[in-house]
Amino acid sequence: MVPVSLETCTLESSCKLPLSEYIFRRIASLGIHNIFGVPGDYNLSFLEHLYSVPELSWVGCCNELNSAYATDGYSRTIGHDKFGVLLTTQGVGELSAANAIAGSFAEHVPILHIVGTTPYSLKHKGSHHHHLINGVSTREPTNHYAYEEMSKNISCKILSLSDDLTNAANEIDDLFRTILMLKKPGYLYIPCDLVNVEIDASNLQSVPANKLRERVPSTDSQTIAKITSTIVDKLLSSSNPVVLCDILTDRYGMTAYAQDLVDSLKVPCCNSFMGKALLNESKEHYIGDFNGEESNKMVHSYISNTDCFLHIGDYYNEINSGHWSLYNGINKESIVILNPEYVKIGSQTYQNVSFEDILPAILSSIKANPNLPCFHIPKIMSTIEQIPSNTPISQTLMLEKLQSFLKPNDVLVTETCSLMFGLPDIRMPENSKVIGQHFYLSIGMALPCSFGVSVALNELKKDSRLILIEGDGSAQMTVQELSNFNRENVVKPLIILLNNSGYTVERVIKGPKREYNDIRPDWKWTQLLQTFGMDDAKSMKVTTPEELNDALDEYGNNLSTPRLLEVVLDKLDVPWRFNKMVGN
């Protein structure tokens, strides 16, 4: 399709574009350059308009679930002021993606999910169309909006377009604005008979993309100043303060402020389980990860005695709180929580106040203070607890090797596997990033997610190694997406495939010898990359520490091709923390 010129549009005149082209142009205006998904008959005509926007590329995946996981990884990597974009077709496509979208919703990952639907002209007739479900009786009319009703609980906003498109541009812009503001998935349902209808597109000129990112301060300047002063006074008057950086700090683009704060104060600081590697873990005032009673014992002991616990970007949930133990032993009046929706100082809660306003103000106040106190930095040993194993390579050894193998700028994508729960015991290098589904914990997520990460890293032109930690059971869920690493314009990963003969996480919880925790055995893992079309890929199976050392040396910096390293582990070997989590 030939793109329509916007050069003749002015703020006073209207400019017409096909609905679909407006959507794609608005996406591109936000600096988003890749659209993930799977084609389907209800979205094909919409998809044609993508080729009118040269800044955009189509990234087809093997199925809709994988597409959504890849979109999630892209969104986590591309930056807090953008979102991932997923395109599916009604019913069979969107429902396949729903599990991944639910995970993105649970973990505050912004995604635009575009769904092509049945024609609007037929929706209210109740006719039985393919990809739809009817009622209990085949004589009942079909509800063409049934899936939209399902998606309400996994989205921050739903826009279902009708044949009245007079305000379509504003409605689309508002959907995008809401996704950016709330950091959650939103849905855009487009009937296939409306995709070519022209709409007023003058917003592309009169409402620049940055306007969609603008936020109104959450409260008045007087309240911001009051809260800021109270927190700063509490920090500077404390004897042993601690700062904990949590995942929402990353989602809302506040990490640089948090890092500047702890560096300016040289205050003892930690990352949460979900916030792994957000603060620079190589700094001398970084004392270790903190997740309540599931933390390094020395870290836990020190924080239990803090008189000012500043929790930035908190997301308090079962997994991210050490099973509800995060604040145990800490004086409640010493706890300060900075959240996108509220600020809490001791027993005083300020509702509808965002840390997006408070944290920068705190930092400004600290930087303006010429008489900052000098805080004691405890000497805490970073240790990896030795757990015996029945195989030469143990999970303890894997963690020790990762500690020495990782280097600055690395991006580590971790599957929901046993090794994930050992990562808090290692120190990540400067400017590294850890991506994983630490709360929703859907196995199989990380492999296609890492593909989305690789697309984003290539788009950002980052000099990063991409390392995927993958379990054998999880890999069998979504393994076909390995084939997408055969593309040219992606960062080639090092895949560390942990072969422990099944669902080790589940074995440790219950049924260590039950067949339900077995997977299909004897996959030829080292032949998979070639099977998926990567003739130059490198693969190796290792069973001893010496082989592991050699393999990491050989594969570590060979970034020209995908590499797969199969590591044989014992089926019941897990890091100490996971045993504690499940009560063993």
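Residues numbered from 1 in each chain as written. Predicted model: local features only at pLDDT ≥ 70, side-chain atom pairs only at ≥ 80, totals over all residues. Heavy atoms only, no water.

(A) Unusual backbone geometry, seen in detail. Look at Trp-324: it is not a glycine, yet its phi comes out positive at around 70°. Residue position: Trp-324 is located in the loop between strand 11 (308-312) and strand 12 (335-338). By relative accessible area, which is 48% here, Trp-324 ends up partly exposed. In the Ramachandran plot, Asn-352 falls in the positive-phi region, its phi being about 55° despite a non-glycine side chain. Topologically, Asn-352 is positioned in the loop between strand 14 (348-351) and helix 14 (355-367). (Helix = DSSP H or I, 4+ residues; strand = E, 2+ residues; numbered from the N terminus. Buried < 20%, exposed > 50% of the residue type's maximum accessible area, 1.4 Å probe, protein only.)

(B) Spotlight on the packing of aromatic side chains. Here the structure, examined in full by the defined rule, presents 15 aromatic pairs. Summarising the aromatic geometry, the rings of Phe-451 and Phe-485 are spaced 5.8 Å apart at their centres and angled 90° between planes, so their arrangement reads as edge-to-face. Here Phe-451, found in helix 16 (residues 446-460), pairs with Phe-485, found in the loop between helix 17 (472-478) and strand 18 (493-499); they are 34 residues apart in sequence, far enough to count as distant. Three or more aromatic residues link up through ring pairs in this structure, and these residues are Phe-290, Phe-309, Tyr-316, Trp-324 and Tyr-327. The ring of Tyr-145 carries Lys-123 above its face, with NZ or CZ at 5.3 Å from the centroid. Here the guanidinium or amino end of Lys-183 rests over the ring plane of Tyr-252, the centre of that ring lying 5.5 Å away. (Phe/Tyr/Trp six-rings, centres within 6.5 Å; stacked < 30°, edge-to-face > 60°. Lys NZ or Arg CZ within 6 Å of the ring centre and 35° of its normal.)

(C) Structural detail: the UniProt feature "domain: Thiamine pyrophosphate enzyme central" (unreviewed entry) in the chain. In the UniProt entry, the feature "domain: Thiamine pyrophosphate enzyme central" (unreviewed entry) is given for residues 230-349. Between the C-alpha atoms that bound residues 230-349 there is a distance of 12 Å. The span itself is 27% helix and 19% strand. (UniProt positions renumbered as here; feature names shortened; annotations may be inferred.)

(D) The nonpolar core, seen in detail. Grouped together as the largest cluster of nonpolar side chains are 88 residues, with contacts concentrated most on Leu-19, Ile-23, Ile-27, Leu-112, Ile-114 and Phe-176. Ranked by residue count, the leading element in this core is helix 16, at eight residues. In this structure, this core is formed jointly by two domains, domain 1 (16-213) and domain 3 (395-582), each of which donates at least three residues. What Ile-27 contacts, discounting residues up to four positions off in sequence, is Ile-32, Ile-35, Leu-56, Val-85, Leu-112, Ile-114 and Phe-176. Within the second largest apolar cluster, 38 residues are counted, among which are Val-232, Val-243, Ala-258 and Cys-308. (Core = buried A, V, L, I, M, F, W, Y, C linked by side-chain atoms within 4.5 Å. Domains from an automatic or database assignment. Contact = heavy atoms within 4.5 Å.)

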